[in-house]
Amino acid sequence: MCGIVGYIGNKKATPVLIDGLLCLEYRGYDSAGIATIEKDSIKVMKDKGRVNNLYNLDGINDLQGTVGIAHTRWATHGKPSKENSHPHMDNSKNFAVVHNGIIENYSDLRDFLSKSGYTFYSETDTEVIPNLIHYYYTNGPVSVLEDKRERFLGAVKSAVFDLKGSYAIEAISPLCPDEIIVVRKDSPLVIGKGNGENFIASDIPAILSHTKDFYLLDDNEFAVVTKDDVRFYDNGLVEHNKSIKNIEWDANAAGKDGYEDYMLKEIYEQPTAIRETIGSRFKLGEKCSFDDIEITKEYLSTVNKIYFVACGTAWHAGLVGKALMEKLCKIPTEVDIASEFRYRNPLIDEHTLCIYISQSGETADTIAALKLAKSHGAKTLAISNVIGSSITREADYSIYTHAGPEIAVASTKAYTSQVALIAILAMYFAETLETTSEAEIEALKSDLIDLPSKIDQILANTDEIKDFAKKVYTEKDMFFLGRGTDYNVALEGSLKLKEISYIHSEAYAAGELKHGPIALVENGVTVIGIITNPHLVEKTISNIQEVITRGAKTLVITNQILPNGHFDYIINIPETNPLISPILSVIPMQLISYYISKFKGLDVDKPRNLAKSVTVE
Ligand code: M6R
């Protein structure tokens, strides 16, 4: 959470910083601020509220500095307020810092610094960092270094050594006005290489309009960024070289491209995202292959359990993954929420394959759960949308969805691409292990190839979906029902509704309703049923009938021919294999939530209390 931007070059830093922050607002939007070096001092401008508010701050346009750091905040320590906004300065006003992450021992550090005469002006954990930098700049072995640059870097290193927790930090000082020092641990940070200028950001899209060449900073790695150069140091401050990664994302892909909101754009990008994710990984009549990994038959034959571990929407993709792995590969598969997995002593050993799903690749709980499995000797495989993200750097194997940048907080194209990629992975395993007939796999491949055009079909006519949203947008509660993968996708539909429409909703396995939740169903309540598995049609209809009898209004999303006159609304979607039908049935649910949110006048892309990338526990 929280977004960081930095600029050093010949241009005025402020516009670059604010533009970058606007691209990063999905990481947090409680408050925002920038600091630039103006002649021989640091000027900080910040306030609570959205990044756009920065334009209204008195004097913001007068800033001339060509070196600056900036931050958009998702509050952890201390309420959203001007005082708690970043950047934070030390008492001498010689060091300014922005920080993403959490300093777990900040209270001890604050006590120590207070006893040493420092005063604190905010409730944040971050404010200890610039003061610690000042402390080490003026005390101890670093303070006697003659070269100011070495002294500044040494002070940052000493300060960082005192920190427990996660951080991505940028620090500037008028004492060394031609550089920005950055360091990270368990929070993302990238450096974009320009020509006579360099850029820093938490995420690539923020600076993609300036460069496609990136250095991906590693954990515990320091970088000193000047306008012409970037120098990298390990945690003993030994300098080393680092290679540049060229990121092929198109800068327009990170913009709205004429759509009203990122979420709508991303919904409409799903056919392309699936096509790109399939890429050259399989063709009809040929076996699946992954350029990025080679998992041998010898190894796979030793795997007796698969875990999918993830959070939120990615966890929902894992639920579909379980059905795919068990059906095609006959390997028992469990699906865990990362924050539970890491604290429940899961039974894992070298015969367990743990698959971690994370769009951002930066979710703190998912990364921690991956490290746990590695420490128990299991092999780990990461599925991410972001090349070089933390999770992919930790895992034994990494494969990528090629969905392009996902900016809206509510995940859409990442989910459908994740399910498609897991289907390809399951086919790859099944072909390697020979656990499913060629004919069955060929049929599934053909269904996967057809998905993009079937999504296009759904997206070509959304009037019914919009009408339905208009009828129900004032409701307080809704229910989602399904069986099998229809239940898995019901959970995703319900999450979308909660997060962007603020309507309370629950998803249940259709057969489970009568074991308690049906008590909540009363006259007029809306129930959305999903029916895409021909073998489960009658059973699910019976369950929906149970809520109709109790006065519920029903919408059914289906690819089956259903009896007339039972349901209030039916949305028909194209038929496909039930193992991958969530990729189609989720689309109307994404749109229902989207339109309800619009009818309610909410901010679709930045729902309250949420952030795109959850880099805290
Ligand atoms: O980046 P990740 O896939 O690890 O993120 C996991 C969840 O935080 C994410 O899917 C979240 O649930 C979305 N807001 C759902 O729309």
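Keep in mind that this is a model prediction, so the values were computed, not measured.

(A) Summary view of the environment of V156. In this structure, V156 sits in helix α4 (residues 148-161). Between the alpha carbons of V156 and N235 there is a distance of 11 Å; along the sequence they are 79 residues apart. Filtering out sequence-adjacent residues up to four positions away, V156 remains in contact with I133, A171, I181 and F222.

(B) View of the sheet that holds strand β20 (residues 397-400). Strand order in the open sheet formed by 5 strands is β17-β16-β18-β19-β20, with parallel pairing between adjacent strands. Pairing within the sheet leaves two strands with one partner each, and these edge strands are β17 (333-337) and β20. The average undirected angle you get between the axes of adjacent strands in this sheet is 20 degrees. Pairing geometry for strand β16 (residues 305-310) and β17, over 5 bridges, is parallel. Note on β17: the bridge partner recorded for F308 is V335.

(C) Focus on the site of the ligand. The local shell around the ligand holds 15 residues, among which S358, Q359, S360, T363 and E499 are the closest. Interatomic distance of 3.1 Å between a backbone N/O atom of T313 and an oxygen atom of the ligand. Taking S360, its side chain carries an N or O atom lying 2.7 Å from an oxygen atom of the ligand. Protein contact buries 90% of the 410 Å² of open area that the ligand shows by itself. Every element with two or more residues in the shell around the ligand is listed here: α8 (312-329) and α15 (485-501).

(D) Layout of the pairing of strand β11 (residues 213-216). As paired elements, strand β9 (residues 190-193) and β11 share 3 bridges and run antiparallel to each other. By the bridge assignment, G192 is partnered in β11 with F214. The pairing of β11 with strand β15 (residues 245-246) spans 2 bridges and is classified as antiparallel. Paired with F214 across the two strands is K245, which belongs to β15.

Criteria and cut-off values
Residues numbered from 1 in each chain as written. Predicted model: local features only at pLDDT ≥ 70, side-chain atom pairs only at ≥ 80, totals over all residues. Heavy atoms only, no water. Helix = DSSP H or I, 4+ residues; strand = E, 2+ residues; numbered from the N terminus. Contact = heavy atoms within 4.5 Å. Pairing = 2+ DSSP bridges. Axes fitted to C-alpha atoms, helices over the stretch in contact; angles between N-to-C directions. Near = heavy atom within 4 Å. Polar contact = N/O pair within 3.5 Å; in protein donor to acceptor, adjacent residues only side chain to side chain. Areas by Shrake-Rupley, 256 points an atom, 1.4 Å probe, with all protein chains shown as cover.

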